[in-house]
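Here is how the chains run, residue by residue.
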Amino acid sequence: MTLNGCISVAAKPSAPSRPPLSNSALTSQNAVNTDEVSVRNSTTRAGGALTQVRTSLRKHHRADSTTPEATMTTVRNAILDLLRSHNLTTWFGNPGSSELALLQDFPDDFRYLLGLQEMVPVGMADAYAQITRRPALVNLHTAPGMGNAQGQLYNAFVNKTPLIVTAGNQRRTMQNQYCLLTNAEPTTVPKPFVKWAGEPAVASEAPAVLARAIHIATSPPMGPVFVSLPMDDMPVELHDDQAVDVAVLRDRSVTHAAGFPPNLAQQICARLAAATSPALIVGGDVERYGAWDAVIGLAERTQSAVWTAPLTGWSGFPEDHALYQGILPPGAGWISHLLADHDLLLVIGAPVFRYYPLVPGRYLPDGASLIHITNDPDEAARAPVGDAIVADVASAARALLAAAKASQRSAPPPRAQIPQLEAAEVPLKPEALWTAVGQAAPPETLWVSEAGSNEVAITRSIRPGRPLSHLSAAGGGLGWGLPASVGAQLAAADRPVVALMGDGSMHYAITALWTAAQYQIPVTIVVASNAEYGVVKEFGVWEKTPNVPGLDLPGLNVVATAASYGVDAHEARCTDEVVELVKSGIADRGRPTLINARTTPVET
Ligand SMILES: Cc1ncc(C[n+]2csc(CCOP(=O)(O)OP(=O)(O)O)c2C)c(N)n1
Ligand SMILES: [Mg+2]
């Protein structure tokens, strides 16, 4: 299977699309991309519908002369048809026997990417969905599979990623005896890390439950959902009128009309104009919900300093822009100190704020006020400071840009330059490693980072300027970065994807290397090997908790492990080799490459 070749391509939706409703409308039928919204035709039950429906439901299923049931309108066929119509034909999964009835005779127009442990398909799907800006489907194995997935579902929930997670369940007739595969409380298991979870009350409801799940997942604020599918539901044949109902709900859409009151935009812009030194604080939702261009325009017009809020997944702003100041550290005292020169903070597309650890100090600098624009009512409610407005983030940014007047104030001082690359041998200081990596990669590179103590050095040394270019897990649960980099490379086949990994982080979901090798997904992975959980040691100093066991990682050999999975794996011994290996890894579009470099331990 190759990335561009042998994996079968995604299906075209089976119903025609209407032109976009408007740029500010978001529909959960097929698209979560607010820039490319299409609304599907609704079908009616009027004359001839039944024949059309049955033809459509059968169309994509293999006719097998030995099994006449294969062409019947079964629950399983209706599920596949619904998912096809939502363009959910790329599945990330790990199967067991409770999933066989759904997966059998897997359609040629679908593709399936296997992860060897459930964290892997969830992490891959998360990045795939965020980069394609569409929902993604994950198929897992009943209760234990869902248990394994939970750490990455947590990340997906905090990332606000629209994942449609399904898992099989034991036959309804065998659940009462708690037979093997029974998930006795399927809708409880993934909570609280899903927006919604359901299991159909009867087999024929399965497509409707799935349709509901898809619409919930893709409604802002988006997030993962779960549907449990008892295995004996799959072969149940739908009655003709049930099949018509399924076709109708397959073709309906849920549209989120968006907008922002112009007078509110004017009020905010008046405050921006009156401020001595405003700062914009942006978050991952700026990129997730398509507000990138408008936010840049607003920052430039108001000459505001721009920061990224802590731990929100994407940078939300070009990191090489003259107004960009970097990522805020996740501590109240640190933030109020850093922003001391600003009297008005406009936060857009981020929670206020994701603090960790407890850093004494006020939330805001003395005399400063904060306006918070978020699409998440809970984010608005739980913020400790500021006046919040719950609104569509892109509409708000566009309305503010339209209302903002060009400011005459002078631009804030730019942040420090990228450090000079100085030749050095291992163990490398993190700054030297990431500067070398940053110099070796082209500007269109998409970076995925999960690198503990290295994260600060990464943002100093690597400054992508394009949208959807620097991704991390907002949830902070390790085991996400490596699978996410594989999913990102699958989603963005025309861009190099480089994973920036710590050696500890690398090993939570290391089997993602197998998936990358087998499907020939040409991601490049750089590992900073300091042989420790460095950042936990740093926290130990901050928290005054000495002599903690389990923070050293001797005996890891990530190059040998990666090679055993079929990855082109190398040990870099100096900065020159890092540059050379990253360049050749990126140039190799046929297979994944891993580059390990020994780095200095954290200073404690
Ligand atoms: C699932 C999970 N388990 C444990 C942690 C706690 N944790 C946070 S960072 C970290 C260490 C990361 O180490 P490494 O990737 O080697 O980077 P380093 O700090 O050494 O640079 C750990 C164990 C976590 N965030 N998620
Ligand atoms: Mg480490």
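Nothing here was measured: the structure is a model prediction, and the numbers come from that model. (Residues numbered from 1 in each chain as written. Chains lettered and ligands numbered in written order. Predicted model: local features only at pLDDT ≥ 70, side-chain atom pairs only at ≥ 80, totals over all residues.)

A.B. asks: Let's hear about the nonpolar core: which residues, and what values?
C.D. replies: The tendency in soluble globular proteins is for nonpolar side chains to be buried side by side. If you look at the biggest cluster of nonpolar residues, it comprises 123 residues, and the most contacted ones within it are Val 225, Val 437, Val 526, Val 578 and Val 582. Counting residues per element, this core draws most heavily on helix α4 (residues 119-132), at 9 residues. Counting only domains with at least three residues in this core, you end up with domain 1 (75-251) and domain 3 (430-598). Ignoring any residue separated from it by four or fewer positions in sequence, one finds Val 526 in contact with Val 437, Val 498, Ala 499, Leu 500, Met 501, Val 582 and Ile 595. (Core = buried A, V, L, I, M, F, W, Y, C linked by C-beta atoms within 7 Å. Buried ≥ 20, exposed ≤ 12 C-beta atoms within 10 Å, placed from the backbone. Helix = DSSP H or I, 4+ residues; strand = E, 2+ residues; numbered from the N terminus. Domains from an automatic or database assignment. Contact = placed C-beta atoms within 7 Å.)

A.B. asks: Residue-level account of the confidence of the model for the protein chain, with values.
C.D. replies: Summarising the model, the protein chain shows a mean pLDDT of 90, and 88% of its residues fall at 70 or more. Looking at the elements of the protein chain, mean pLDDT is at its lowest for helix α1 (residues 49-59), recorded as 41, and at its highest for strand β18 (residues 524-529), recorded as 99. Of the regions scoring below 50 in pLDDT, residues 1-26 engages in 66 contacts with residues more than four places distant in sequence or in other chains. Note that pLDDT drops below 50 for residues 30-71; the model gives that stretch 91 contacts with residues more than four away or on any other chain. (pLDDT = per-residue confidence, 0-100.)

A.B. asks: Which residues make up the site of ligand 1, and what values go with them?
C.D. replies: Of all residues adjacent to ligand 1, which total 20 residues, the nearest are Gly 452, Gly 502, Gly 504, Ser 505 and Gly 534. Among the elements of the structure, α18 (503-506) and α20 (534-542) are those that each provide at least two residues to the shell around ligand 1. Each residue belonging to the shell around ligand 1 can be placed in one class, and the counts come to 6 nonpolar, 12 polar and 2 charged. (Near = placed C-beta within 6 Å. Nonpolar A, V, L, I, M, F, W, Y, C, P; charged D, E, K, R; others polar.)

A.B. asks: Explain the pairing of strand β20 (residues 593-598) to me, and be specific about the residues and the numbers.
C.D. replies: Of all 6 residues making up β20, 5 are buried, and the element is well covered by its neighbours. In the sheet, β18 pairs with β20 via 6 bridges, with the strands oriented parallel. Note on β20: the bridge partner recorded for Val 526 is Ile 595. Two elements, strand β19 (residues 568-572) and β20, share 5 bridges in a ladder whose sense is parallel. The residue of β20 that forms the bridge with Asp 568 is Thr 593. Of the crossover connections in this fold, the one passing from β19 over helix α22 (residues 575-587) to the parallel β20 is right-handed. (Pairing = 2+ DSSP bridges. Right-handed = clockwise from strand over helix to strand, strands pointing away.)

A.B. asks: I'd like a description of the sheet that holds strand β11 (residues 324-327), backed by residues and values.
C.D. replies: Taken in spatial order, the 6 strands make up an open sheet running β11-β10-β9-β12-β13-β14, and their pairing is parallel. Of all strands in the sheet, those with a lone pairing partner are β11 and β14 (387-390), marking the two edges. Put simply, the sheet's adjacent strands are angled 20 degrees from each other on average, direction ignored. When strand β10 (residues 305-308) meets β11, the two strands line up parallel, connected through 3 bridges. Each residue of the ladder has a partner; that of Val 306, found in β11, is Tyr 324. The strands touched by helix α9 (residues 262-274) are β9 (278-282), β12 (344-348), β13 (369-374) and β14; relative to β12, the strand with the most contacts, the crossing angle is about 140 degrees. Against the sheet, helix α11 (residues 292-302) engages β9, β10 and β12, with an angle of about 165 degrees to β9. (Axes fitted to C-alpha atoms, helices over the stretch in contact; angles between N-to-C directions.)

A.B. asks: Quick one: what's the story with the packing of α9 against helix α14 (residues 393-403), residue by residue and with numbers?
C.D. replies: Two elements in contact, α9 and α14, have axes separated by 8 Å at closest approach and are oriented at 65 degrees. Here α9 runs over α14; the crossing is right-handed. Contacts between α9 and α14 involve Pro 262, Ala 265, Gln 266, Ile 268 and Cys 269 from the former and Ala 399, Leu 400, Ala 402 and Ala 403 from the latter. A per-class count over the contact of α9 with α14 returns 8 nonpolar, 1 polar and no charged. (Left-handed = near helix turned anticlockwise from the far one by under 90°.)

A.B. asks: Please set out α9 residue by residue, giving values where relevant.
C.D. replies: Over its 13 residues, α9 extends 18 Å from the first C-alpha to the last, a length consistent with the 18 Å expected when each residue adds 1.5 Å. The set of residues buried in α9 consists of Ala 265, Ile 268, Cys 269 and Leu 272. The buried residues of α9 occupy an angular sector of 100 degrees when the element is viewed end-on, so they sit on one face. Among the exposed residues of α9, those pointing more than 90 degrees away from its buried face are Asn 263 and Ala 274. Elements that come into contact with the buried residues of α9 comprise β9, α11, β12, β13 and α14. (Expected span 1.5 Å × (residues − 1). Arc of directions from axis to C-beta.)

A.B. asks: Can you tell me about the sheet that holds strand β3 (residues 111-114), naming the residues and giving the values?
C.D. replies: As summarised here, the arrangement of the 6 strands in space is β3-β2-β4-β5-β7-β6, forming an open sheet in which the pairing is parallel. Strands with a single pairing partner mark the edges of an open sheet, and in this sheet they are β3 and β6 (196-198). Strand-to-strand, the axes of this sheet are offset by a mean angle of 20 degrees, without reference to chain direction. Pairing analysis gives 3 bridges linking β6 to strand β7 (residues 225-230), with the strands arranged parallel.

A.B. asks: Would you mind going over the environment of Phe 539 in detail, with residue names and values included?
C.D. replies: Relative to the helices and strands, Phe 539 resides in helix α20. By C-beta crowding, Phe 539 is classed as partly exposed, having 16 other C-beta atoms within 10 Å.

A.B. asks: Break down the environment of Lys 583 for me, citing the residues and quoting the values.
C.D. replies: Here Lys 583 shows up in helix α22. Its 15 C-beta neighbours within 10 Å are what place Lys 583 among the partly exposed residues.

A.B. asks: I'd like a rundown of α11, residues and numbers included.
C.D. replies: Think of an α-helix as turning once every 3.6 residues; residues three or four places apart then point the same way. Within the sequence span of α11, burial applies to Trp 292, Ala 294, Val 295, Ile 296, Leu 298, Ala 299 and Thr 302. Residues of α11 that are buried sit in contact with α9, β9, α10 (284-288), β10, β12 and α14. Where α11 ends, the next residue or the one after it, Gln 303, has phi of about 50 degrees, a positive value.

A.B. asks: Explain unusual backbone geometry to me, and be specific about the residues and the numbers.
C.D. replies: Leaving glycine out, the prevailing phi sign among residues is negative, and the prevailing peptide bond configuration is trans. Backbone torsion omega between Lys 191 and Pro 192 reads 5 degrees, so that peptide bond is classified as cis. Among the structural elements, Pro 192 can be located in the loop between α6 (172-175) and β6. The linkage connecting Tyr 356 with the following residue, Pro 357, adopts the cis geometry, with an omega of 5 degrees. Inspection of the secondary structure puts Pro 357 in the loop between β12 and β13. If you check the backbone angles, Gln 303 has positive phi at about 50 degrees while not being a glycine.

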